[in-house]
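# Remarks on the overall topology
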Amino acid sequence: NNLGYVMYDPKLMGYRAYDMLGDIYYRGCAKAKLAPDKVAAAIWYQSAAVIHLPESQWKLGRMLVEGDGIPSNKDAGFAWLTSSA
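Presented here is an overview of the structure given in this document. Computed from a prediction, not measured in an experiment: that's the story for all the values here.

Interaxial distance between helix H2 (residues 16-27) and helix H4 (residues 54-66) falls to 10 Å at its minimum, and their mutual angle equals 35 degrees. Crossing geometry of H2 relative to H4 is assigned as left-handed. Two secondary-structure elements touch here, H2 through Asp19, Asp23 and Tyr26 and H4 through Glu55, Ser56, Lys59, Arg62 and Met63. Of the residues assigned to the contact of H2 with H4, the class counts are two nonpolar, one polar and five charged.

Now the structure itself:
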């Protein structure tokens, strides 16, 4: 049964799953006892951003501009924000 791994397989779920995993890590999940992990969120957002998912480009760009859980890099952040538009 591979249903537990559907979200990790872009062929089955699409790259939107990477953005959703980023959201889960960004906010955490009390039900799953998962604390927020913004570094992991940024990694998932970047995985979706590089394949041109605008939502992830915007979220990653905002995190980079604000230094939200990851080191601030305004140039890269504004580049992602511009790409998302």
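One pass over the structure, following the stated rule, counts one aromatic pair. Summarising the aromatic geometry, the rings of Tyr18 and Trp44 are spaced 5.3 Å apart at their centres and angled 55 degrees between planes, so their arrangement reads as tilted. Residue Tyr18 is found in helix H2, and its partner Trp44 is found in helix H3 (residues 38-49); the two are separated by 26 residues along the sequence. Taking relative accessible area as the criterion, Tyr18 reaches 13% and is therefore assigned buried. Its relative accessible area of 18% is what places Trp44 among the buried residues.

Cut-off values and rules
- Residues numbered from 1 in each chain as written.
- Predicted model: local features only at pLDDT ≥ 70, side-chain atom pairs only at ≥ 80, totals over all residues.
- Heavy atoms only, no water.
- Axes fitted to C-alpha atoms, helices over the stretch in contact; angles between N-to-C directions.
- Helix = DSSP H or I, 4+ residues; strand = E, 2+ residues; numbered from the N terminus.
- Left-handed = near helix turned anticlockwise from the far one by under 90°.
- Contact = heavy atoms within 4.5 Å.
- Nonpolar A, V, L, I, M, F, W, Y, C, P; charged D, E, K, R; others polar.
- Phe/Tyr/Trp six-rings, centres within 6.5 Å; stacked < 30°, edge-to-face > 60°.
- Buried < 20%, exposed > 50% of the residue type's maximum accessible area, 1.4 Å probe, protein only.

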